Amino acid sequence: MLKNYLKIAARNLLKHKAYSFINIAGLAMGMTCCILILLYVQHELSYDRFHQNAKQIYRIFWQSGNPQTRTPHPMAQAMVKDFAEVEGAVSLSPVWGPGLTRPKFAVRYGEQRFEEREVFSADSTFFEVFSFPLLKGDPKIALRSPASLVITERIAKKYFGDEEPMGEVLTVNNSVDLKVTGVMQNIPANSHLHFDFLISYVLLKMRETGSYYEWEDFGHYNYIKLAPHADPKILAAKIPDWFLKYNEWPADDIEELKSGQVAFRLQPISDIHLRSHLKWELEPNSDIAYVYLFSAIAVFVLLIACINFMNLSTARSATRAREVGMRKVLGAFRTQLIGQFLGESILLSLMALLLSIAAVELLLPFFNSLSGRNLAIDYRDNPWLILSIGGMALLVGIISGSYPAFFLSALQPVKTLKDTMRVGTKSGRLRQILVVAQFAISIALIAGTGIVAAQLEFLKNKNLGFDNEQIVVVPLKTNEMRRNYEAVKAELLRNPSLVSITAVSNVPGGRFNQNEIYWQDTEGEQSVSQMRVDYDFFKTLDIEITAGRSFSKAMSTDLASAFILNETAARLYDWDTPVGKEITWLDDDDTRRGTVIGVAKDFHFQSLHRSIEPLIFHVLPAGFNYFLVKMRGNNMAGTLADLEKKWKAFDPDRAFEYSFLDADFAALYNSEERMQAVVGNFSFLAILIACLGLFGLASFTIQQRTKEIGVRKVLGASVSQIVMILSKEFTRLVFIAFVVACPLAYLVMNGWLQNFAYRTEISLNIFLLAGALGLIIAWLTVSYQALKAALANPVEALRYE
């Protein structure tokens, strides 16, 4: 029976080739969109789920007014010792440079020299918690000795080629020899942490002093693996009292901890990539909102394609109704008719699926560049994807064919053979609703793309409070360069194309360490970001000092005991003026008492996702990590070449690297740029599918009105009048779609804008432009068919049956 249904379906589809082509093309575009988004969603949801017992792995984070991922180093192993429900734990961290930057390390093997940034340190229990496979070495002892080093397969190939890497020695920064004790598989893309070199915490503890590895320093990333069936909520509730056994805190802090105002929380590792945006994330995470958004767009685009099918089916309902009546008269049962209609739609859907798979293979590199992912279709080892795609095609076929299958098959043969026009009239309302739905979705997507573009333009053009143009960022890679920074600076400034140079610990737009300051007593502690700068910082970035003065070499006390606050930090305390007040800065391993000598005008030293936070400045050459070099606009290439030449004279063994500060700041909004690109392209696809359906619908509608057009022409109607009459209905439908789309797009996009501390106003012009664009596209689509009908010979039109 199925074979007969498919034969009849194929015969009908070949009979109406134009109808079949429009439907297949629309469904293929909709399915292409869905498959691409399906690949993206599958990839995003797969993060960190490759670990064995991934559901048992949790990251400990600190919940406070400024939640952060970092917690005390001893915490992980102490929890294994004290809690039966904790099976294993590991503490890890990137190997930081001064000011908690991520420096590049000089790594040497024989005559080979490279610079590497992805260097992590970890407890020897690392492989007991995480399931990164070791290709060579014993995971139980790979990180046990101080000089041990685990490298990735990529690094092994880079340094050793086809030679055996185990036991070989790599020299880091010309001072530390590390022996390769393990080679692990390259870390999958769907991991929230990535590194190429993993060294033992034992080595760092031997080389470093201070409180960094003590309970009081919240500076490490701690993960625990719970026993099966252990309840993380119950465990988290036990932590406050347990933590206080190892720490002596002031009474107020203890009360906050016990009351839950601040707390240690347990976060499933599989939630980190999409649901975690804490301070000090190891890598920029994505957002579950993007998964929802892109999924919704894919569903809407596919829905538009299905609506096309249903629209064209309703347009042909009068003809199909007569066919249904004839078949019933000849003895066909309703189930047979349902099977025929569904067979047609499913066959169309399967043909569209084949086209969409070919399109996905062609478009996947382009989509990867838009989304910033490296997606691929694995037909052999991804049965879930194959089932999803097949199920989608089947579902689309059933939904698209539902109207003719279940409505037309129920019609009475006597009524359909006597009154075909009424059937078509009844289906007209459904067609109108479906056209409105199509264009409402399309206009909403266009408006959404416009709002994203407007916000990105706002972010790029907003006054940041400092001059970031023509400023080159050059990292100071060695301690010798930090010690000699004044000599390097003086030599560079001999080039007249350089305006000014300043040395800093952190670059605006990057990460900033936070510590506490207090004014009169420790009960008034306030958390502030910190920045070590030299004497020319405010001049180089053109930041105004609104009160007091800037740092000066002429004032010897500025080097040891002077602070400048930004305006936000100056408002932390109830003082008449901060200038002249003495404050205490609790640096990582040092407590400094000094005088506030000035207040700097607030500037955006972080992404515009966040409001301006308190910031303290201090002169401390040992903490400098970068030069900020302000250049003149002429002969940039020549100036950079001279800069590199002079730089290499001071640091010949390290590669000269630079970036532009404005480009670094713009990179903070890469995820929004990608979102705009994806939404914009899918909006174009949605409007294209809608127009494809509108083209077919207009063709059928005008065909039904052929005699009417002939009569009007005979009675003297002009071509323009006929075109206007035929376009009027579609214009009205697009206007209704515009009215429906505007509030929906506003609500969704206004919610998205709340992710930014600074955001553009949603302009009415964006909606008007989206509506106008939708209307113009609809007119152009319909006008071809309308003009063709208006120019036709009226005699031929009056003969039309």
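Note that the structure is predicted; figures quoted are calculated from it, not measured. (Residues numbered from 1 in each chain as written. Predicted model: local features only at pLDDT ≥ 70, side-chain atom pairs only at ≥ 80, totals over all residues. Heavy atoms only, no water.)

### Here we look at the overall build of the protein
In step 1: Broken down by element type, the protein carries 28 helices and 24 strands.
In step 2: Here the protein, with 801 residues, has 52% of them falling under the buried criterion.
In step 3: A total of about 36400 Å² of accessible surface is found on the protein, and carbon and sulfur atoms cover 57% of it. (Helix = DSSP H or I, 4+ residues; strand = E, 2+ residues; numbered from the N terminus. Buried < 20%, exposed > 50% of the residue type's maximum accessible area, 1.4 Å probe, protein only. Areas by Shrake-Rupley, 256 points an atom, 1.4 Å probe, with all protein chains shown as cover.)

### Structural notes on the confidence of the model for the protein
In step 1: When pLDDT is averaged across the protein, the result is 86; 89% of the residues are at 70 or more.
In step 2: Confidence scores differ between elements of the protein, with helix α1 (residues 2–15) showing the lowest mean pLDDT of 53 and strand β8 (residues 148–152) the highest of 97. (pLDDT = per-residue confidence, 0-100.)

### Overview of the sheet that holds strand β23 (residues 626–631)
In step 1: Strand order in the open sheet formed by four strands is β15-β23-β14-β24, with antiparallel pairing between adjacent strands. A strand with exactly one partner marks an edge of an open sheet, and here the two such strands are β15 (498–504) and β24 (659–660).
In step 2: The pairing of strand β14 (residues 471–475) with β24 spans two bridges and is classified as antiparallel. Each bridged residue has a counterpart across the sheet, and for Val473 the counterpart in β24 is Ser659.
In step 3: Set on the sheet, helix α18 (residues 485–492) makes contact with β15 and β23; between it and β15 the angle comes to about 165°. (Pairing = 2+ DSSP bridges. Contact = heavy atoms within 4.5 Å. Axes fitted to C-alpha atoms, helices over the stretch in contact; angles between N-to-C directions.)

### A closer look at the packing of helix α3 (residues 75–82) against helix α7 (residues 232–244)
In step 1: Running from N to C, α3 and α7 cross one another at 105°; their axes reach a closest spacing of 13 Å. Between α3 and α7, the crossing angle belongs to the class labelled roughly perpendicular. Counting all contacts with α3, which are made through Met75, Ala78, Met79 and Asp82, the residues of α7 involved are Leu235, Ile239 and Trp242.
In step 2: Of the residues assigned to the contact of α3 with α7, the class counts are six nonpolar, no polar and one charged. (Parallel < 35°, antiparallel > 145°, perpendicular 65-115°, else oblique. Nonpolar A, V, L, I, M, F, W, Y, C, P; charged D, E, K, R; others polar.)

### Observations regarding the packing of α18 against helix α22 (residues 636–650)
In step 1: Packing of α18 against α22 brings their axes to within 10 Å, and their N-to-C directions diverge by 150°. Overall, the two elements α18 and α22 adopt an arrangement that is roughly antiparallel. Two packed elements cross with a definite hand, and for α18 against α22 that hand is right-handed. For the pair formed by α18 and α22, the contact residues are Ala487, Val488, Glu491 and Leu492 on the first element and Leu643, Lys646, Trp647 and Phe650 on the second.
In step 2: Here the contact of α18 with α22 is composed, by residue class, of six nonpolar, no polar and two charged. (Left-handed = near helix turned anticlockwise from the far one by under 90°.)

### Observations concerning the nonpolar core
In step 1: By size, the foremost hydrophobic cluster in this structure holds 119 residues, and its most contacted members are Phe294, Met392, Phe439, Phe537, Phe551 and Phe617.
In step 2: In contact with Phe617, other than residues within four places in its own chain, are Met531, Val533, Phe537, Phe538, Phe551, Ala562, Phe563, Ile564, Asn566, Ala600 and Phe603.
In step 3: If you look at the next biggest cluster of nonpolar residues, it comprises 50 residues, including Leu143, Leu170, Val176 and Val183. (Core = buried A, V, L, I, M, F, W, Y, C linked by side-chain atoms within 4.5 Å.)

### Details of the packing of aromatic side chains
In step 1: Counting across every chain of the model gives 52 aromatic pairs.
In step 2: On the basis of an interplanar angle of 70° and a centroid distance of 5.3 Å, the ring pair of Trp62 and Phe218 is categorised as edge-to-face. Here the residue Trp62 occupies a position in strand β1 (residues 57–63), and Phe218 occupies one in strand β12 (residues 218–226), the gap between them amounting to 156 residues.
In step 3: Judged by its relative accessible area of 17%, Phe218 is buried.
In step 4: Their ring planes at 20° and their centres at 5.9 Å tell us that Phe218 and Phe264 sit as a pair that is stacked. Here Phe218 is found in strand β12, whereas its partner Phe264 is found in strand β13 (residues 263–268), with 46 residues between them in sequence. (Phe/Tyr/Trp six-rings, centres within 6.5 Å; stacked < 30°, edge-to-face > 60°.)

### Description of the side chain of Gln56
In step 1: As for its position among the elements, Gln56 is in the loop between α2 (17–45) and β1.
In step 2: In this structure the side chain of Gln56 is engaged in a polar contact, spanning 2.6 Å, whose partner is the backbone oxygen of Leu226.
In step 3: Beyond its immediate chain neighbours, meaning those up to four positions away, Gln56 contacts Glu87, Ile224, Lys225, Leu226, Ala227 and Pro228. (Polar contact = N/O pair within 3.5 Å; in protein donor to acceptor, adjacent residues only side chain to side chain.)

### Things to note about α7
In step 1: Here α7 spans 19 Å end to end across 13 residues, near enough to the 18 Å set by a 1.5 Å rise per residue.
In step 2: Of all the bends in α7, the greatest, near 35°, is centred on Lys238, and the proline Pro240 appears no more than four residues after it.
In step 3: For α7, the complete set of buried residues consists of Leu235, Ala236, Ile239, Pro240, Trp242, Phe243 and Leu244.
In step 4: Contact partners of the buried residues in α7: β2 (71–72), α3, β3 (86–94), β12, α8 (251–259) and β13.
In step 5: The backbone nitrogen of Lys233 lies 2.9 Å from a side-chain oxygen of the residue at the head of α7, namely Asp231. (Expected span 1.5 Å × (residues − 1). Bend = angle between axes of the 7 residues up to and from the residue.)

### So, the pattern of salt bridges
Side chains carrying opposite charge are able to pair once their charged atoms draw close together.
In step 1: As enumerated under the stated definition, the model contains 26 salt bridges in all.
In step 2: Put simply, Lys157 and Asp162 hold a salt bridge, and the shortest N to O gap is 2.8 Å. Of the two residues examined, Lys157 and Asp162, each falls in the exposed class.
In step 3: Here Lys646 ties to Asp642 by a salt bridge, and the two come within 3.4 Å at their closest N and O atoms. (Salt bridge = Lys/Arg side-chain N within 4 Å of Asp/Glu carboxyl O.)

### Describing a nonpolar patch on the surface
In step 1: On the surface, Phe735, Ile736, Val739, Val740 and Leu744 cluster together into a nonpolar patch covering about 440 Å² of accessible area.
In step 2: Residue position: Ile736 is located in helix α26 (residues 719–753). (Patch = residues over 30% accessible without salt bridge, like charges linked within 9 Å, V, L, I, M, F, W, Y side chains within 5 Å.)

### Concerning the environment of Ala305
In step 1: Mapped onto the fold, Ala305 is located in helix α10 (residues 288–315).
In step 2: In this structure Ala305 comes out as buried when scored by relative accessible area, which is 1%.
In step 3: As a C-alpha pair, Ala305 and Ala28 span 277 residues in sequence and 8.4 Å in three-dimensional space.
In step 4: Setting aside anything within four residues of it in sequence, one finds Ala305 in contact with Gly26, Leu27, Gly30 and Ile689.

### Regarding the pairing of β3
In step 1: Within β3, eight of the nine residues are buried, which leaves it mostly tucked inside the rest of the structure.
In step 2: One ladder, built from three bridges, connects β3 with strand β6 (residues 119–122); its direction is antiparallel. The partner of Pro94 across the bridge, within β6, is Phe120.

### Focus: the pairing of strand β5 (residues 112–116)
In step 1: Both strand β4 (residues 105–109) and β5 contribute to a ladder of five bridges, which runs antiparallel. When the bridges of β5 are listed, Val107 appears paired with Phe114.
In step 2: The turn joining β4 and β5, which pair antiparallel and follow one another in sequence, is formed by two residues; a positive phi near 60° is taken by Gly110.

### Digging into unusual backbone geometry
In step 1: Here the phi dihedral of Asn173 falls at roughly 55°; this positive angle occurs in a residue that is not glycine.
In step 2: Residue placement: Asn173 occurs in the loop between β9 (169–172) and β10 (176–184).
In step 3: Residue Asn173 is classed as partly exposed on the basis of its relative accessible area of 33%.
In step 4: Positive phi is not limited to glycine here, since Asn635 has a value of about 55°.
In step 5: Turning to its location among the elements, Asn635 is positioned in the loop between β23 and α22.

### Quick look at a negative patch on the surface
In step 1: A contiguous patch of negative charge on the surface is contributed by Asp252, Asp253, Glu255, Glu256 and Glu525.
In step 2: Structurally, Asp252 is set in helix α8. (Lys, Arg positive; Asp, Glu negative; His and termini not counted. Charge placed at Lys NZ, Arg CZ, Asp CG, Glu CD.)

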